[in-house]
Amino acid sequence: MADQKRDTKLLDELEKGPWPSFVKEIKNASKTSPVCDDLLGQLELSYEEKKGHWKHGGIVGVMGYGGGVIGRYSDVPEQFPQVAHFHTMRVNQPSGWFYTSGSLRTLCDIWERHGSGLTNMHGSTGDIVFLGTKTDELEPCFKELGEAGFDLGGSGSCMRTPSACAGMARCEWACYDTLKMCNDVTHQYQDELHRPPFPYKFKFKFSGCPNDCVASIARSDMSVIGTWKDEIQQDDAEVAAYAAAGMDIQNDVCANCPSKCMKWDGKKLSIDNHECVRCMHCINVMPKALRPGKERGATILIGAKAPIVQGALLASVLVPFVPADELMDTLKELVSRVWEFWDEYGKNRERIGELIQRVGMSNFLDAIGLDPIPQMVTAPRDNPYIFFKGEE
């Protein structure tokens, strides 16, 4: 393969510029993989004809699982026989994406034996993505993955592979154990993960603090974002040290507070914690001086998604605060009610956020047995779902 030079003048353009190029990586892989060589050929043809040459030729998978494999076939297999089948396998990643070099080597070795060798680390949900294999290699690959301690992730109308930030393992701001929550939810809902039972996909994401490093508020149907209930912990000596070092606390900290709950008189920083919206800006700017409060837990939100059937949605608050030690029990109880309502009233390919938009948040809350509260807003201090009458 190394001596062959396929004409890819259009793909070559994608190697130019300062950014990483998938074309460069496929070319490197094509030196040892005939699959990747044919892949380059089909991609070049697609650019020439301005037409995709992948087709959906039916459902493929492994025995006992309804998800985890995305079927993909070439519609020009006679030209590119090595990619006549080019199925994707999703592999459930470890919580927080922690790997040893040995486990990564094991994964790559398995994939080179059974597939193209191309990987995507990671997909938008979080999975390790194995790109391109033949139907008769699915079961052998799955068997080896299982023996190595890995499982397939979710695809189709199922609970997708949960993902979490590094949490308490690496981050001092984490307000609950995201890795444990992600692991526990993955094990709790194995059936929903592997055997699609829903109108459409359902994603969990776990962020340890309001910095939301896995973007759960924008990308998951149910997001769990760490927060605190009491006052921000404040070290006045460290605040003074930041000021002495040249930080403009008024402009860099107070003026950027979205709820204007902070004041700086030149010597003392005052915080009206009742007005704080937990945006984390002040803590991020002055990490030695300010820390999340001691009474920690998480906010549970619902309904985010990317723009596919309808437009993009950010999540809405469902439960404003759950203590850290009650999170798993609360989540299980809540999820059972949400899924029951969605199973009953959701349309085909309708995400839970779209269902809530269609029936109204007040009807949804009534159906799952939650009372409306002032925190249930689309943005802080704005657009309440619930309007109180004068006599209330």
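Up top is the structure.
Here the residue index of a chain counts from 1 through its sequence in written order. For this predicted model, a pLDDT threshold of at least 70 governs which residues receive local features, and a threshold of 80 or more governs which side-chain atom pairs are given and counted, while totals over whole chains, interfaces and linings are taken from all residues. Only heavy atoms go into the side-chain values, all of them from the structure, while hydrogens and water stay out.

**What to know about the overall build of the chain**
Part 1 of the reasoning: Helix and strand content of the chain: 14 helices and 17 strands.
Part 2 of the reasoning: Exposure classes here rest on a 1.4 Å probe applied to the protein chains alone. A residue is buried below 20% of its type maximum, exposed above 50%, and partly exposed in between. When each of the 392 residues of the chain is scored for burial, the buried share is 45%.
Part 3 of the reasoning: Sequence-distant contacts in the chain: of pairs separated by 6 or more residues, those separated by 24 or more amount to 65%.
Part 4 of the reasoning: Carbon and sulfur atoms provide 51% of the accessible area of the chain, an area that totals close to 19600 Å². Every helix listed is a DSSP run of H or I at least four residues long, and every strand listed is a run of E at least two residues long, numbered separately from the N terminus. Contacts are assigned to residue pairs with any non-hydrogen atoms lying within 4.5 Å of each other. Here, Shrake-Rupley sampling with a 1.4 Å probe gives the accessible areas, and only protein chains in the shown set may cover a residue.

**A few points about the packing of aromatic side chains**
Part 1 of the reasoning: For this analysis, a ring pair means two rings from Phe, Tyr or Trp (six-membered ring only for Trp) whose centres lie within 6.5 Å, classed as stacked if their planes differ by under 30 degrees, edge-to-face if by over 60, and tilted for the remaining angles. Tallied over the full model, the rule gives 15 aromatic pairs.
Part 2 of the reasoning: Ring centres 5.0 Å apart and planes at 35° place the aromatic pair Phe198 and Trp342 in the tilted group. With Phe198 in the loop between helix H7 (190–194) and strand S8 (204–207) and Trp342 in helix H12 (residues 327–345), the pair connects residues that are 144 residues apart, well separated along the chain.
Part 3 of the reasoning: Its relative accessible area of 9% is what places Phe198 among the buried residues.
Part 4 of the reasoning: The exposure class assigned to Trp342 is buried, which follows from its relative accessible area of 0%.
Part 5 of the reasoning: Feature note: the residues Tyr189, Phe198, Phe202, Phe204, Phe206, Trp339 and Trp342 constitute an aromatic cluster, connected by ring pairs.

**Regarding the pattern of salt bridges**
Part 1 of the reasoning: Think of a salt bridge as a Lys or Arg side-chain nitrogen and an Asp or Glu carboxyl oxygen that are within 4 Å of each other. Going through the model one piece at a time under the given rule, you end up with 15 salt bridges.
Part 2 of the reasoning: Note that Lys16 and Glu13 form a salt bridge whose closest N and O atoms lie 2.8 Å from each other.
Part 3 of the reasoning: Its relative accessible area of 45% is what places Glu13 among the partly exposed residues.
Part 4 of the reasoning: For Lys27, the salt bridge goes to Glu15, with nearest N and O atoms at 2.5 Å. Of this pair, Lys27 sits in helix H2 (residues 22–30) while Glu15 is found in the loop between helix H1 (9–13) and H2, placing the two residues 12 residues apart along the sequence.
Part 5 of the reasoning: Here the salt bridges do not stand alone but share partners, grouping Arg6, Asp37 and Asp38 into one network.

**Some remarks on the packing of H2 against helix H3 (residues 34–49)**
Part 1 of the reasoning: Axes here refer to lines fitted to C-alpha atoms; in helices the fit is confined to the stretch in contact. Angles between the N-to-C directions go from 0 to 180 degrees. Interaxial distance between H2 and H3 falls to 8 Å at its minimum, and their mutual angle equals 145°. Along the contact surface, H2 presents Phe22, Ile26, Lys27, Ala29 and Ser30, while H3 presents Cys36, Asp37, Leu39, Leu40, Leu43 and Tyr47.

**With respect to the environment of Val338**
Part 1 of the reasoning: Tracing the chain through its elements places Val338 in helix H12.
Part 2 of the reasoning: Judged by its relative accessible area of 1%, Val338 is buried.
Part 3 of the reasoning: Residues Val338 and Met222, spaced 116 residues apart in sequence, show a C-alpha to C-alpha distance of 9.9 Å.
Part 4 of the reasoning: Excluding residues within four positions of it along the chain, Val338 makes contact with Phe202, Met222, Ile302, Ile352, Phe364 and Ile368.

**Thoughts on a negative patch on the surface**
Part 1 of the reasoning: The patch calculation keeps residues exceeding 30% relative accessible area without a salt bridge and links them within 9 Å when they carry like charges or within 5 Å when they are nonpolar (Val, Leu, Ile, Met, Phe, Trp, Tyr). The convention is simple: Lys and Arg are positive, Asp and Glu are negative, and His and the chain ends are not counted. To locate a charge, take atom NZ for lysine, CZ for arginine, CG for aspartate or CD for glutamate. Residues Asp7, Glu48, Glu49, Asp75 and Glu78 make up a contiguous surface patch of negative charge.
Part 2 of the reasoning: By the element assignment, Glu78 lies in the loop between strand S3 (73–74) and strand S4 (88–91).
Part 3 of the reasoning: The exposure class assigned to Glu78 is exposed, which follows from its relative accessible area of 60%.

**Here's the deal with helix H4 (residues 101–114)**
Since the α-helix advances by 3.6 residues per turn, residues separated by three or four positions end up pointing in the same direction.
Part 1 of the reasoning: Here, expected helix span is obtained from the residue count minus one, scaled by 1.5 Å. Compared with the 20 Å implied by 1.5 Å per residue over 14 residues, the 20 Å span of H4 between its first and last C-alpha is a close match.
Part 2 of the reasoning: Three or more residues of H4 are buried, namely Ser103, Leu107, Ile110, Trp111 and His114. Projected down its long axis, H4 carries its buried residues within an arc of 95°, all on one side. Summarising the geometry of H4, the exposed residues directed more than 90 degrees from the buried face are Ser101, Arg105 and Glu112.
Part 3 of the reasoning: On the buried face of H4, the contacting elements are S4, strand S5 (118–121), strand S6 (128–131) and helix H5 (138–147). Each direction from the helix axis to a C-beta atom contributes to the arc, which is the arc of those directions.

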